[in-house]
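Observations on the model geometry
Given next are the chains, with one letter for each unit.
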Amino acid sequence: QSLSIELSLILPDDLPMIFADKSQLRQGLLYLFENSVQALDESESDNKSILIEAKVSDDSKNIIIYFSDSGPGIKDDLCNKIFEPFFTTKEVGEGTGLGLSILYSIVRNHKGRVRCIPGLEYGAVFELVLPISDK
């Protein structure tokens with residue numbers, strides 16, 4: 001069974017550089033992407049989409065990346081737990097509960113922060129904040 005997902009990227013042309021390990025950040029974003037695809041696969045909605053948007057923070061010190069999907073979302077009480085190692089909402093054998101904790105560690109190692117934004121009517125939204133390189 002195939003899954004049709006609309007992927008949208010909103011990336012300004014003049015986005016400043018960040019000092020980061022490219023492969024680590026790629027791996028962390030891949031965990032978000034995999035979670036979104038799985039959530040969308042299980043969703044009853046006909047509108048299946050993923051949006052990745054980046055912008056410069058108001059103080060021009062950070063890049064803010066919003067990663068969101070149109071799936072069922074994450075309950076408010078889970079937003080603080082999902083970054084804990086081995087915490088998963090998936091069925092036994094479907095996930096290790098390590099992806100988001102690894103993402104959290106990767107972002108923290110890059111002197112950034114990541115959070116789940118709760119309270120939305122649908123969809124999961126993650127905010128990653130990474131410092132702009134001063135080099």
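Attention here is on the structure that accompanies the text.

Rules behind the numbers
- Residues numbered from 1 in each chain as written.
- Predicted model: local features only at pLDDT ≥ 70, side-chain atom pairs only at ≥ 80, totals over all residues.
- Heavy atoms only, no water.
- Helix = DSSP H or I, 4+ residues; strand = E, 2+ residues; numbered from the N terminus.
- Buried < 20%, exposed > 50% of the residue type's maximum accessible area, 1.4 Å probe, protein only.
- Polar contact = N/O pair within 3.5 Å; in protein donor to acceptor, adjacent residues only side chain to side chain.
- Pairing = 2+ DSSP bridges.
- Axes fitted to C-alpha atoms, helices over the stretch in contact; angles between N-to-C directions.
- Contact = heavy atoms within 4.5 Å.

Comments concerning the side chain of Glu127
Structurally, Glu127 can be placed in strand E5 (residues 125-131). According to the relative accessible area criterion, Glu127 is buried, its value standing at 12%. A polar atom in the side chain of Glu127 sits 3.2 Å from the side chain of Tyr66. Reaching out from Glu127, the side chain makes a polar contact with the side chain of Arg115 at a distance of 2.7 Å.

Some words on the sheet that holds E5
Sheet strands line up and pair through hydrogen bonds in the backbone, either parallel or antiparallel. The strand order across the open sheet built from 5 strands is E1-E2-E3-E5-E4, with neighbouring strands paired in mixed fashion. Where the open sheet ends on each side, the last strands, each with one partner, are strand E1 (6-10) and strand E4 (113-116). Direction aside, neighbouring strands of the sheet carry axes that sit 10° apart on average. In this sheet, strand E3 (residues 62-69) lies alongside strand E2 (residues 49-56) in antiparallel orientation, the contact comprising 7 bridges. Its bridge partner being in E3, Val56 is matched across the sheet by Ile63. Strands in contact with helix H1 (residues 22-42) are E1, E2, E3 and E5; relative to E3, the strand with the most contacts, it is inclined by about 25°.

Considerations on the pairing of E4
Burial along E4 is one-sided: Val114 and Cys116 are buried, while Arg113 and Arg115, pointing the other way, are not. Judged from the 4 bridges that link them, E4 and E5 form a sheet pairing that is antiparallel. Pairing of Cys116 across the sheet is with Phe126, part of E5.

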